[in-house]
Amino acid sequence: MATIGDVAKAAGVSRSTASYALSGKRAISLEVRRRVDDAVRELGYTPNAGARALATSQTMVLGLLVQFLEDEFAPAMLQYMLGVSNVARELGYDILMVTDGDGAQALRRITDSRMVDGVILMNVAHDDVRLPVMRAATVPGALVGLPGDCTGMDVFDLDFEEAGRTMVDHLADLGHRELVLVSQPEHVVERGGAYVWRLRDAALAQARSRGITLHAEFGESQQPAVGRFLDDLLDRHPQATGLLVHNEAAAAALPSVLHARGLQAPRDLSVVGQYSDEFARTFSLPFSSIESAPDRLGRMAVRQLVRRIEQQDPTEPHVVRFVSPELVERGSTGSPAPSRADQR
């Protein structure tokens, strides 16, 4: 296994110069840095993590705290995780993923022991019990998701309020007067999933302002319950001409439900979802949707976290940044069709 001494010898520099070229702790000429980089590639050199941590007080590891909850659709969560892991790798950091159900205790364990240089928190709740631990930690953290109190945190999230208004406006502009919104299961809200009520409340308010009837329903997250729920939903709202879907499991199940009922979008029902373009491709979803931008949010959070780790400037103000919603057209919306009740 190659050592830093081997790298220095191959590059024709001292051990300390090679070390500084790799760590960036001192200014090194571009020519010397190039020779060191070439030697690293030729020798397949990998820095010893333990030695590096002792020398620099950095592990080059980021903690990722995430939970796979039964009432949330796992494939959607994976999109956020990929965004985090991909950009971390680009920046030279490894990921330590922690899925401990007791998130506060797990966070305290990895930060007190300095196992990581910083932490990304996902599944962020409105009153998240991990936040007091994160604020007291000696390493910085970044959140993908908006808590009730953002003090001392870098926060990145989709503008769910604007997403809800955009979904309603899109169908209202096409002439729809009665819509149905399918949200995540109600216990996601009870657990503190603020993104659910942020979109729901904004959509309801926008519908009222435009004189539109909007039936807001909490959906399911597992098959076969989600399929039965959608069937029942369509039976209970036969006058509705548009469907807003803020529930990935429902969006994935909807094509088969519509097919079984002999319905097509937009011929019989206009549909707008809220999920990522990658999610739409994975499940072959034909519905127009608001891009949830999970990979972009993950990248933003990691870049800001690494910036804090490497600059070590405690005076830099924390940021709260929202990604603006973007409607991706896939041809599933149009002018209101005759209500399904009239078609009977």
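Residues numbered from 1 in each chain as written. Predicted model: local features only at pLDDT ≥ 70, side-chain atom pairs only at ≥ 80, totals over all residues. Heavy atoms only, no water.

Caption draft 1: Expanded view of the overall build of the protein chain. Scanning the protein chain from terminus to terminus reveals 15 helices and 12 strands. In terms of overall dimensions, the protein chain has a C-alpha envelope of 85 × 40 × 35 Å along the principal axes. In the protein chain, which comprises 344 residues, the proportion classed as buried is 50%. Taking contacts inside the protein chain between residues at least 6 apart in sequence as the whole, the part at least 24 apart equals 70%. For the protein chain, the exposed surface amounts to about 15900 Å²; the carbon and sulfur share of it is 50%. Positive and negative side-chain charges of the protein chain, numbering 36 and 45 respectively, have mean locations separated by a distance of 6 Å. (Helix = DSSP H or I, 4+ residues; strand = E, 2+ residues; numbered from the N terminus. Buried < 20%, exposed > 50% of the residue type's maximum accessible area, 1.4 Å probe, protein only. Contact = heavy atoms within 4.5 Å. Areas by Shrake-Rupley, 256 points an atom, 1.4 Å probe, with all protein chains shown as cover. Lys, Arg positive; Asp, Glu negative; His and termini not counted. Charge placed at Lys NZ, Arg CZ, Asp CG, Glu CD.)

Caption draft 2: Fine view of unusual backbone geometry. Geometrically, the link from Gln223 to Pro224 is a cis peptide bond, its omega value of 5° lying close to zero. With respect to the helices and strands, Pro224 occurs in the loop between strand S7 (213-218) and helix H11 (225-236). Ala265 connects to Pro266 through a cis peptide bond whose omega is 5°. Inspection of the secondary structure puts Pro266 in the loop between helix H12 (248-260) and strand S9 (270-275). A positive phi angle, close to 55°, is found at Arg114, a residue other than glycine. Topologically, Arg114 is positioned in the loop between helix H6 (103-112) and strand S3 (118-121). One non-glycine residue, Ser284, adopts positive backbone phi at about 50°. Tracing the sequence through the fold places Ser284 in the loop between helix H13 (277-282) and strand S10 (288-291).

Caption draft 3: Structural detail: the sheet that holds strand S1 (residues 61-65). Read from one edge to the other, the open sheet built from 6 strands follows the order S2-S1-S3-S4-S5-S11, with strand pairing classed as parallel. Every other strand in the sheet has two partners, leaving strand S2 (94-98) and strand S11 (320-323) as the edge strands with one partner each. If you compare each strand with its neighbour and ignore which way they point, the axes differ by 20° on average. Relative to S2, S1 runs parallel, the two sharing 5 bridges. (Pairing = 2+ DSSP bridges. Axes fitted to C-alpha atoms, helices over the stretch in contact; angles between N-to-C directions.)

Caption draft 4: Region of the structure containing the pattern of salt bridges. Within this structure, the stated rule accounts for 24 salt bridges. Between Glu31 and Arg34 there is a salt bridge, with its nearest N and O atoms 2.6 Å apart. Taken together, the residues Glu31 and Arg34, both in helix H3 (residues 30-43) and 3 residues apart, mark about one turn of the helix. Residue Arg281 pairs with Glu278 through a salt bridge whose shortest N-O separation is 2.4 Å. Here Arg281 pairs with Glu278, and both are found in helix H13, just 3 residues apart, close to one helical turn. Overall, the relative accessible area of 33% leaves Glu278 in the partly exposed class. Ionic contacts of the salt-bridge type, sharing partners, join the residues Glu31, Arg34, Arg35, Asp38 and Arg41 into one network. (Salt bridge = Lys/Arg side-chain N within 4 Å of Asp/Glu carboxyl O.)

Caption draft 5: Expanded view of a nonpolar patch on the surface. There is a patch of nonpolar side chains on the surface, built from Phe68, Leu78 and Met97 and spanning about 270 Å² of accessible area. Structurally, the position occupied by Met97 is in strand S2. Note on Met97: relative accessible area 42%, which makes it partly exposed. (Patch = residues over 30% accessible without salt bridge, like charges linked within 9 Å, V, L, I, M, F, W, Y side chains within 5 Å.)

Caption draft 6: Spatial organisation of H12. Between its terminal C-alpha atoms H12 stretches 19 Å, which fits the 18 Å expected from 13 residues at 1.5 Å a residue. Largest kink in H12: about 40°, centred on Leu254, with the proline Pro255 one to four residues after it. Among the residues of H12, those classed as buried are Glu248, Ala249, Ala250, Ala251, Ala253, Leu254, Val257 and Leu258. Looking at the packing, one finds that the buried side of H12 touches helix H5 (74-90), strand S6 (178-183), H11, strand S8 (242-245), S9 and H13. You can read the cap of H12 off the contacts: a side-chain oxygen lies 3.1 Å from the backbone nitrogen of Ala249, and it is on Asn247. Positive phi shows up at Gly262, right after H12, with a value of about 70°. (Expected span 1.5 Å × (residues − 1). Bend = angle between axes of the 7 residues up to and from the residue. Polar contact = N/O pair within 3.5 Å; in protein donor to acceptor, adjacent residues only side chain to side chain.)

Caption draft 7: Inspection of the environment of Pro147 at higher detail. Secondary-structure assignment places Pro147 in the loop between strand S4 (141-144) and strand S5 (154-158). Since its relative accessible area comes to 4%, Pro147 is described here as buried. Along the sequence, Pro147 and Pro317 sit 170 residues apart, while their C-alpha atoms lie 18 Å from each other. Every residue in contact with Pro147, bar those within four places of it in the chain, is listed here: Val124, Ala125, His126, Leu131 and Val155.

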